[in-house]
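In case you want the letters, here they are:
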Amino acid sequence: MKPNPTPHTRCRRVALGAAALIGLAATAHAGPTIAFGKEGSLTFNYSLQAWAQTRDFTSPTDAGKSTDFFLRRNRLTFSGQYNDLVGFYANLDAPGESRGGQNDRSVFFRDGYITIDHSDPLRFIVGRFKNTFTRENLEACFDPLTMDRAELLSYTPWGGSRDTGVAMWGNLADGMVNYRVMIADGREGNPVVKDSPRLTARLHVSLFDPETDYGYRGTYLGTKRVLTIGAAVDRQADVAYGNAVAMTDPKDYKAWTVDVFYEQPTAAGTFTASAAVITYDTGRVHFGLAPDADLPAGTDLEGHYVKFGYLMPGRVGPGRLQFFGRSEKSTYNLPMGYRDQKWNALGVNYYIEGQQLKLSAEFADVKFDVQNPGNPAQRDYRQFTAGLQFIF
């Protein structure tokens, strides 16, 4: 029979469960909480990012300049503890509302999972949740440094941002070492050679203050001194045919990434820097004799990014001012090479109430290696984005 936990052990487990949910959630800021019994709880959050964006084209078929107002993210989340061991999280989302004239977007569950927190070194996640490959994907989208993540580089071709499966993860050496192992669906359905599981492993080492959550932040706003070095691998066998008509030339998928994150608070302000190298490899499947039409563009994408930020000391008016920049290079390894691009951006964040109420603006200059004469979205363009972020 399993012994009853002592009050000290029970409190520690509840704290571990809450920390795990905070690290997995889209935001690290807790909303209203309702308690149920001695161990149960339910917390509600509403999170919104409203954007205004101008750019030098309207769509892949319209080269005219455009101005668009839309909701980049629009989420309602429910998280909590069932008991001192088991937690839960569900995230309803309606992203891109009004973008490009597309209104009344469908609401869907972006995340839905339970957490089982045996101890700090041994935790489990079961359900649909963020895949554990790139750091930038794991950085909470409501705690970013720059305006947003890379458009495609940080998302895996099979599963994208989330996947459905099971992860085992935890912290070792007083939180200085963090490990994760995940088995998930990856690519499924008729186009695959064989329905094989997707396997992902990630490890990071924190040399200063530890990053102990499953998710990361793009900036800690000067509350931590962080130097974290991470690496991950991702693999799934038999994901596609090079010749989908004859069902020959089977391809495996494999990927790797190495990343570093640094944040240093000083009396002169807080300095942040982050960089990563990412490579996805599906055997150049798009160069096959007859690749299937459902293949994503990022099957053989490789690239890197560098991000930096400077948070001024003290307040400027009612809030705090942070400057940021981003440089990104993406090579898709596709026929014609139209998607290969360089992205450079500069921007500013104004934190009125931390990440809970924030104004942002970013100017981006996007250059393509080869100009696509038939698609204005794959020709050089400039883009300006202003945003309001609200979290309750």
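Since this is a predicted model, take the numbers as computed values, not measurements.

Reading the values: rules and limits
Residues numbered from 1 in each chain as written. Predicted model: local features only at pLDDT ≥ 70, side-chain atom pairs only at ≥ 80, totals over all residues. Heavy atoms only, no water. Helix = DSSP H or I, 4+ residues; strand = E, 2+ residues; numbered from the N terminus. Polar contact = N/O pair within 3.5 Å; in protein donor to acceptor, adjacent residues only side chain to side chain. Contact = heavy atoms within 4.5 Å. Phe/Tyr/Trp six-rings, centres within 6.5 Å; stacked < 30°, edge-to-face > 60°. Buried < 20%, exposed > 50% of the residue type's maximum accessible area, 1.4 Å probe, protein only. Core = buried A, V, L, I, M, F, W, Y, C linked by side-chain atoms within 4.5 Å. Pairing = 2+ DSSP bridges. 1 Å grid on protein atoms, 1.4 Å probe; cavity = no way out; pocket = protein on both sides within 12 Å on 5 of 7 lines; lining within 4 Å. Points joined across faces, edges and corners; volume = space filled by probe spheres on them. Nonpolar A, V, L, I, M, F, W, Y, C, P; charged D, E, K, R; others polar.

Engineer: Got a minute to help me understand the side chain of Asn243 in this structure?
Structural biologist: In this structure, Asn243 sits in strand β10 (residues 226-243). At 3.2 Å, the side chain of Asn243 and the backbone nitrogen of Val245 are in polar contact. If we skip the residues at most four places from it in the chain, Asn243 touches Thr248, Asp249, Leu289 and Ala290.

Engineer: Teacher, can you tell me more about the packing of aromatic side chains here?
Structural biologist: Pairs of aromatic rings are described using the distance from one ring centre to the other and the angle between the two planes. Using the criterion set out here, one finds 12 aromatic pairs in the structure. With 5.1 Å between their ring centres and 25 degrees between their planes, Tyr89 and Tyr113 make a pair best called stacked. Within this pair, whereas Tyr89 is found in strand β4 (residues 86-93), its partner Tyr113 is found in strand β5 (residues 108-119), the two being separated by 24 residues in sequence. When its relative accessible area of 3% is taken as the criterion, Tyr89 is described as buried.

Engineer: What exactly am I supposed to notice about the nonpolar core here?
Structural biologist: One recurring pattern in soluble globular proteins is that nonpolar side chains are buried together. Residues Phe133, Leu153, Tyr253, Ile278 and Tyr280 are the most contacted members of the largest nonpolar core, which totals 19 residues. Mapped by element, the contributors of at least two residues to this core are β10, β11 (248-266) and β12 (269-281). Counting residues in hydrophobic clusters, the runner-up holds 11 residues, among them Tyr89, Ala167, Met182 and Tyr214.

Engineer: So what exactly am I meant to see when it comes to the pairing of β5 here?
Structural biologist: The side chains of a regular strand alternate between both faces of the sheet. As paired strands, β4 and β5 are joined by 8 bridges and run antiparallel to one another. Of the residues in β5, the one forming a bridge with Phe88 is Ile114. Relative to strand β6 (residues 122-130), β5 is paired through 7 bridges, and the arrangement is antiparallel. Note that in β6 the partner of Asp117 across the bridge is Arg123.

Engineer: Would you mind showing me how to read the environment of Tyr338 here?
Structural biologist: Relative to the elements of secondary structure, Tyr338 occurs in the loop between β14 (320-331) and β15 (341-351). Dropping the residues within four chain positions of it, Tyr338 is found in contact with Phe368, Val370, Gln371, Asn372, Pro373 and Gln378.

Engineer: So what exactly am I meant to see when it comes to the layout of surface pockets here?
Structural biologist: Summary: where empty space remains is shown by rolling a probe the size of a single water molecule over the atoms. Of the volumes computed, that of the largest pocket is approximately 1500 Å³. Elements with a contribution of two residues or more to the lining of the largest pocket: β2 (40-55), β3 (66-81), β5, β14, β15, β16 (357-368) and β17 (381-391). Tallying contributions element by element places β3 first for the lining of the largest pocket, with 5 residues. Tallied by class, residues from the lining of the largest pocket come to 14 nonpolar, 14 polar and 18 charged.

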